[in-house]
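Analysis of the macromolecular model
Listed below, chain by chain, are the residues.
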Amino acid sequence: MRIDKFLKNSRLIKRRTVAKDACEQSRIEINGKQVKPSANVAVGDKVTLRIGENYITVEVLALTEHVTKDSAKEMYRILDEN
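The sections below set out a description of the structure shown in this document. (Residues numbered from 1 in each chain as written. Predicted model: local features only at pLDDT ≥ 70, side-chain atom pairs only at ≥ 80, totals over all residues. Heavy atoms only, no water.)

Inspection of the secondary structure puts T48 in strand β3 (residues 46-51). Engagement of the side chain of T48 in a polar contact is seen with the side chain of T57, the distance being 3.3 Å. Excluding anything up to four places from it in sequence, T48 contacts R27, I28, E29, Y55, I56 and T57. (Helix = DSSP H or I, 4+ residues; strand = E, 2+ residues; numbered from the N terminus. Polar contact = N/O pair within 3.5 Å; in protein donor to acceptor, adjacent residues only side chain to side chain. Contact = heavy atoms within 4.5 Å.)

Set out below in structure tokens:
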């Protein structure tokens, strides 16, 4: 699954266009590497988001195409937040 779609489906970022812009501004990393919006994410990958001055690192647990608001949190586990 593309990283921009994962971020939207997991509701870490509200809209896919915002996720795309974040990738293009080098604010998203997969396993320590800055990525483009089309980069693929897999189960077990560590995704780091930089939002303002804050960093959030999550581990990908599931890749679900259609997800409800309640089950979106089951797609990832927060590893570090500062």
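Read on, since the account is not over.
Turning our eyes to something else, we now look at a positive patch on the surface. Together, K8, R11, K14, R15, K69 and K73 make up a positively charged patch on the protein surface. Structurally, the position occupied by K14 is in the loop between α1 (3-9) and α2 (16-24). Overall, K14 belongs to the exposed group, its relative accessible area being 74%. (Patch = residues over 30% accessible without salt bridge, like charges linked within 9 Å, V, L, I, M, F, W, Y side chains within 5 Å. Areas by Shrake-Rupley, 256 points an atom, 1.4 Å probe, with all protein chains shown as cover. Salt bridge = Lys/Arg side-chain N within 4 Å of Asp/Glu carboxyl O. Lys, Arg positive; Asp, Glu negative; His and termini not counted. Charge placed at Lys NZ, Arg CZ, Asp CG, Glu CD. Buried < 20%, exposed > 50% of the residue type's maximum accessible area, 1.4 Å probe, protein only.)

Bringing the pattern of salt bridges into the picture now. Per the counting criterion, the structure on display carries 5 salt bridges. As a salt-bridge pair, D4 and R2 come within 3.1 Å of each other at their nearest N and O atoms. The exposure class of R2 is partly exposed, given its relative accessible area of 33%. When the shortest N-O distance is used, the salt bridge between R77 and E59 registers 2.0 Å. Here R77 is found in strand β5 (residues 76-81), whereas its partner E59 is found in strand β4 (residues 54-60), with 18 residues between them in sequence. Since its relative accessible area comes to 15%, E59 is described here as buried. Three or more residues joined by partner-sharing salt bridges are found here, namely R2, D4 and R16.

The next point concerns the sheet that holds strand β2 (residues 33-34). Strand order in the open sheet made by the 5 strands is β2-β1-β3-β4-β5, with antiparallel pairing throughout. In the strand order of this sheet, the two ends are held by β2 and β5, each with one partner. As judged from the 2 bridges shared by strand β1 (residues 28-30) and β2, these two strands associate in the antiparallel manner. Pairing of E29 across the sheet is with Q34, part of β2. (Pairing = 2+ DSSP bridges.)

Another aspect to go through is unusual backbone geometry. Even without a glycine there, the phi angle at R11 is positive, about 65 degrees. Relative to the helices and strands, R11 resides in the loop between α1 and α2. Using a relative accessible area of 43% as the deciding quantity, one classes R11 as partly exposed. Positive phi, normally seen in glycine, also occurs at S26, with a value near 60 degrees. Here S26 is to be found in the loop between α2 and β1.

Note that every value here comes from positions in space, so none of it alone points to a role or purpose.
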